[in-house]
Amino acid sequence: MADGINISGTADPYTQQVYSAGSNEKNTLTVTSFIKLLAAQLANQDMTNPMSNSEMMGQMTQMAMVQSMGAMTDSITTSTAVTSQTYAAGLVGQELTVAVTEEGPNGLPVPVNVKYGTVVSVNLTGGVPMIKLEGDDEEYPLSYVLGIGRIDNPYAEDGKDKEDENEGGEGEKITEEGKTENPLLDKNLYV
């Protein structure tokens, strides 16, 4: 069964959306339905050519493997959610660089700039941790975090952020000899 089916709306036939059928009792094979199928197969088998024990054991083993893989997938999904929530909660008080987006031509968010700020809260009520920066009313998903601290704006045309140019920015300083000085890149610190 396909995970998603591409469909187009009636308002705009060129914009595609995805429809995914949720699992329900009609499209999901459970242990109970497997046992019913196996019992029906045994009751209606050809008496001159009955089902062998190895075939039945093979089918039962396959069903057990499917159940185990489903349980493992659920466990990994839960573990991933807990890990991302723990990571997001650990960002409170940290200065971050987050992506600022605009709606693109296909309706999806497209990153256009960055924003710097200190994390004041993390909202864990939805499926995705949402980060709130100091002095900003907007919440940003964890996936919008580009780095911890101030990093260069990858979306600026000339490599500099407009916010850095206006405020003077922090980080590298220019010495009297015209060289850039960055305390994080000082090789004497690592000797």
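Residues numbered from 1 in each chain as written. Predicted model: local features only at pLDDT ≥ 70, side-chain atom pairs only at ≥ 80, totals over all residues. Heavy atoms only, no water.

Caption draft 1: Region of the structure containing the packing of helix α1 (residues 31-43) against helix α2 (residues 53-89). The geometry of α1 relative to α2 is characterised by a closest axis approach of 11 Å and an angle of 170 degrees between their N-to-C directions. Judged by the angle between their axes, α1 and α2 are roughly antiparallel. Contacts between α1 and α2 involve Val31, Phe34, Leu38, Gln41 and Leu42 on the former and, on the latter, Met56, Gln59, Met60, Met63 and Gln67. Its residues assigned to classes, the contact of α1 with α2 comprises seven nonpolar, three polar and no charged. (Axes fitted to C-alpha atoms, helices over the stretch in contact; angles between N-to-C directions. Helix = DSSP H or I, 4+ residues; strand = E, 2+ residues; numbered from the N terminus. Parallel < 35°, antiparallel > 145°, perpendicular 65-115°, else oblique. Contact = heavy atoms within 4.5 Å. Nonpolar A, V, L, I, M, F, W, Y, C, P; charged D, E, K, R; others polar.)

Caption draft 2: Quick look at the nonpolar core. Counting twelve residues, the largest nonpolar core consists of Ala88, Leu91, Leu96, Val98, Val119, Val122, Ile131, Leu133, Tyr140, Leu142, Tyr144 and Val145. Residues contacting valine 145, with those up to four places away along its chain left out, are Leu96, Thr97, Val98 and Ile131. (Core = buried A, V, L, I, M, F, W, Y, C linked by side-chain atoms within 4.5 Å. Buried < 20%, exposed > 50% of the residue type's maximum accessible area, 1.4 Å probe, protein only.)

Caption draft 3: Geometry of the pattern of salt bridges. Within this structure, the stated rule accounts for two salt bridges. For arginine 150, the salt bridge is made with glutamate 95, and the minimal N-O distance between the two is 3.1 Å. A residue pair is termed long-range when its members are at least 10 positions apart, and arginine 150 in the loop between β7 (145-148) and α3 (162-167) and glutamate 95 in strand β3 (residues 95-103) qualify at 55 residues. Judged by its relative accessible area of 30%, glutamate 95 is partly exposed. Taking the shortest distance from any N to any O, the salt bridge between lysine 115 and aspartate 136 comes out at 3.3 Å. With lysine 115 in strand β4 (residues 109-123) and aspartate 136 in the loop between β5 (130-133) and β6 (139-141), this pair connects stretches of sequence that are 21 residues apart. (Salt bridge = Lys/Arg side-chain N within 4 Å of Asp/Glu carboxyl O.)

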